[in-house]
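The primary structure of each chain is shown beneath.
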Number of protein chains: 2
Amino acid sequence: MDFREKLSNIVHENDSLVCVGLDIDEEKTPTFLFNTSKDPFFDFNKSIIDATKDIVCAYKLNMAFYEVLGSKGFELLDKTIKHIPRNVVVILDGKRNDIGNTAKKYAQSLFEKFNADAVTVNPYLGKDGVAPFLEYKDKCSFILCRTSNPSAVDFQDLKTQGKPLYKIVAEKIKDWDKIGCCGAVVGATYPDELKTIRSILGDNIPLLIPGIGKQGGDVEKTVKYGTNSKHEMALINSSREIIFAGDKEDFAEKSREKAFSLQKEINKYR
Amino acid sequence: MDFREKLSNIVHENDSLVCVGLDIDEEKTPTFLFNTSKDPFFDFNKSIIDATKDIVCAYKLNMAFYEVLGSKGFELLDKTIKHIPRNVVVILDGKRNDIGNTAKKYAQSLFEKFNADAVTVNPYLGKDGVAPFLEYKDKCSFILCRTSNPSAVDFQDLKTQGKPLYKIVAEKIKDWDKIGCCGAVVGATYPDELKTIRSILGDNIPLLIPGIGKQGGDVEKTVKYGTNSKHEMALINSSREIIFAGDKEDFAEKSREKAFSLQKEINKYR
């Protein structure tokens, strides 16, 4: 089963475009877990997954939050991914990038060692830095196109050949998708750019969309501009607002409530 | 002691601009080590470091080659860095990049957890993705400017405001260096671009230059165009040609011979 099929199946099964970001953070983790659990971060992730797995389409794990824990973080990453039901999409968000023979090692690490369904890749090095990821035909590589942060404008908006760089990147993504499954990362904080990018990419390329919630992205516009003509092929990510919704024993229920409310809000506009 | 002082000290002490890339690779590691050593990759790195530490200015560890080994790879990374003498510069080459609060975790991981002197950072996300690295005032962030691979042209050469993108990135690096120590990554495979970038960056910004050896970069041009007016502030990297110079018991001696010969060749042009 290839990535698009897996994504489409879970979107229908759970009726959801919600992607939950499992971005663990010691300072925000319910403190009682450090007293009651021998493996607090894993128990935290496990509880969030168990509480939300029937109302999401994907989990995204940003590798920075695991890498900062050193080798234990990588064990935690591995254990967490193994706990996610196999019908739900797993995205390893590492924004990796390197020249060909080295990019190959990253692809091997993320797709084989950690068994991710999808990864995020930074396009600055061009096609031969992306190609080793695209060799994994059943997986998907979400290429950074227009990021959600304020400084995204520094380079991504620079006009070249009469259009901003992010449009050129979008056109390349469309092209690279012929080699292997490509997606695009586009911030919800820039709805006009989201609309433009969806129109360049057409119906078949999935968008990973961070930036709603604390970063300020609007859900209605995100759904309207980010999904394809069937109101699918968009993964709308929320991390902190969902996973740190509560800090007491009922934190997982609170996270479910937040995820459920986001699921309903998104579906209202589909 | 800040980064530039540390770099300058070791360049004088060892009379060398050679940076050795400790890019471990199971397929290329001398096979006898897997029979004689309980910790073959560490013993490999240890032998290379012991054999070359007085004729190099830096070691660069590309994180892809460690990450692919999972959590053990991160233990190996840590052990290897601890074995490098503290007067030699340690560069963690991860090309990391993310939005502000997440980039902060990467900076914490690389500078605090692994105690690197310098890191490599991808600029596609703009200033706020780079700033968390620059908060470490005694460290250095080498920003990807013009990479050594053939597809570097895909985006880095696109003309914007009448000049190629890599020049705009170089100008930003010069600007960001006011916030915290910046360097630039420029491939030896593009000598004209190297010359242009050095002229934009002036005398004080170090260049990390991969791409000589197998990738085809010319040593004379690299030295001439990459160093500053004092023939310093350039770290000329070689990985595979040095560390995999031999595959028998004398592999470390062979690697020293290669490093020594590169040191001499570079110094001939300084």
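Residues numbered from 1 in each chain as written. Chains lettered and ligands numbered in written order. Predicted model: local features only at pLDDT ≥ 70, side-chain atom pairs only at ≥ 80, totals over all residues. Heavy atoms only, no water.

Inspection of the entire model under this criterion finds 17 aromatic pairs over all chains. When the centroid spacing of 6.1 Å and the interplanar angle of 70° are considered together, the rings of Trp176 of chain A and Phe155 of chain B count as edge-to-face. With one member in each of two chains, Trp176 of chain A in helix α9 (residues 165–176) and Phe155 of chain B in helix α8 (residues 153–156) form a pair that bridges those chains. A residue is classified by how much of its surface remains accessible, and Phe155 of chain B, at 2% relative accessible area, is buried. Their ring planes at 40° and their centres at 4.9 Å tell us that Phe111 of chain B and Tyr136 of chain B sit as a pair that is tilted. Here Phe111 of chain B, found in helix α6 (residues 100–113), pairs with Tyr136 of chain B, found in the loop between α7 (127–134) and β5 (140–146); they are 25 residues apart in sequence, far enough to count as distant. You can call Phe111 of chain B buried: its relative accessible area is 2%. Through successive ring pairs, a cluster of aromatic residues spans Phe32, Phe44, Phe244 and Phe251 of chain A. (Phe/Tyr/Trp six-rings, centres within 6.5 Å; stacked < 30°, edge-to-face > 60°. Helix = DSSP H or I, 4+ residues; strand = E, 2+ residues; numbered from the N terminus. Buried < 20%, exposed > 50% of the residue type's maximum accessible area, 1.4 Å probe, protein only.)

All right, on to the pairing of strand β1 (residues 18–21) of chain B then. Two faces make up the sheet, and in a regular strand the side chains alternate between them. Residues and elements named next belong to chain B. Burial of β1 is two-sided: the residues Val18 and Val20 facing one way and the residues Cys19 and Gly21 facing the other way are all buried. Pairing analysis gives 3 bridges linking β1 to strand β10 (residues 234–238), with the strands arranged parallel. Residue pairing across strands places Val20 opposite Ser238, the latter belonging to β10. (Pairing = 2+ DSSP bridges.)

Residues and elements named next belong to chain A. One closed barrel accounts for 8 strands, arranged β1-β2-β3-β4-β5-β8-β9-β10; its pairing is parallel. When strand polarity is set aside, the average angle formed by the axes of neighbouring strands in this sheet is 30°. Relative to strand β5 (residues 140–146), strand β4 (residues 118–121) runs parallel, the two sharing 4 bridges. Opposite Val119, over in β5, you have Ser141 as the bridge partner. (Axes fitted to C-alpha atoms, helices over the stretch in contact; angles between N-to-C directions.)

This part takes up α6 of chain B. Residues and elements named next belong to chain B. The end-to-end C-alpha separation of α6 is 19 Å, in line with the 20 Å expected for 14 residues at 1.5 Å each. Of the positions making up α6, those classed as buried are Thr102, Ala103, Lys105, Tyr106, Ala107, Ser109, Leu110 and Phe111. Once α6 ends, the next one or two residues include Asn115, with phi positive near 60°. (Expected span 1.5 Å × (residues − 1).)

With that settled, consider the side chain of Thr147 of chain B. Structurally, Thr147 of chain B can be placed in the loop between β5 and α8. At a separation of 2.6 Å, a polar atom in the side chain of Thr147 of chain B contacts the side chain of Asn149 of chain B. When near neighbours in sequence (up to four residues on either side) are disregarded, Thr147 of chain B contacts Leu125 of chain A together with Ala152, Gln156, Gly187 and Tyr190 of chain B. (Polar contact = N/O pair within 3.5 Å; in protein donor to acceptor, adjacent residues only side chain to side chain. Contact = heavy atoms within 4.5 Å.)

Bringing the pattern of salt bridges into the picture now. Close approach of charged atoms lets side chains of opposite charge pair. According to the stated counting rule, one finds 40 salt bridges over all chains in the structure shown. In this structure, the salt-bridge partner of Asp117 of chain B is Lys6 of chain B, at a minimum N-O distance of 3.1 Å. You can see Asp117 of chain B sitting in the loop between α6 and β4 (118–121) and its partner Lys6 of chain B sitting in helix α1 (residues 3–14), a full 111 residues away along the chain. A relative accessible area of 6% places Asp117 of chain B in the buried class. Across the pair Asp157 of chain B and Arg146 of chain B runs a salt bridge, and its minimum N-O distance is 3.0 Å. Here the residue Asp157 of chain B occupies a position in the loop between α8 and β6 (159–160), and Arg146 of chain B occupies one in strand β5, the gap between them amounting to 11 residues. Salt bridges linked by common partners bring Lys60, Asp93 and Lys95 of chain A together with Asp98 of chain B together as one network. (Salt bridge = Lys/Arg side-chain N within 4 Å of Asp/Glu carboxyl O.)

Below, the discussion takes up the confidence of the model for chain A. Atom-level detail of predicted coordinates should not be read off regions where pLDDT is low. Of the residues in chain A, 100% have a pLDDT of 70 or more, and the chain-wide mean is 97. Predicted as a complex, the structure gets a pTM of 0.97 and an ipTM equal to 0.97. (pLDDT = per-residue confidence, 0-100.)

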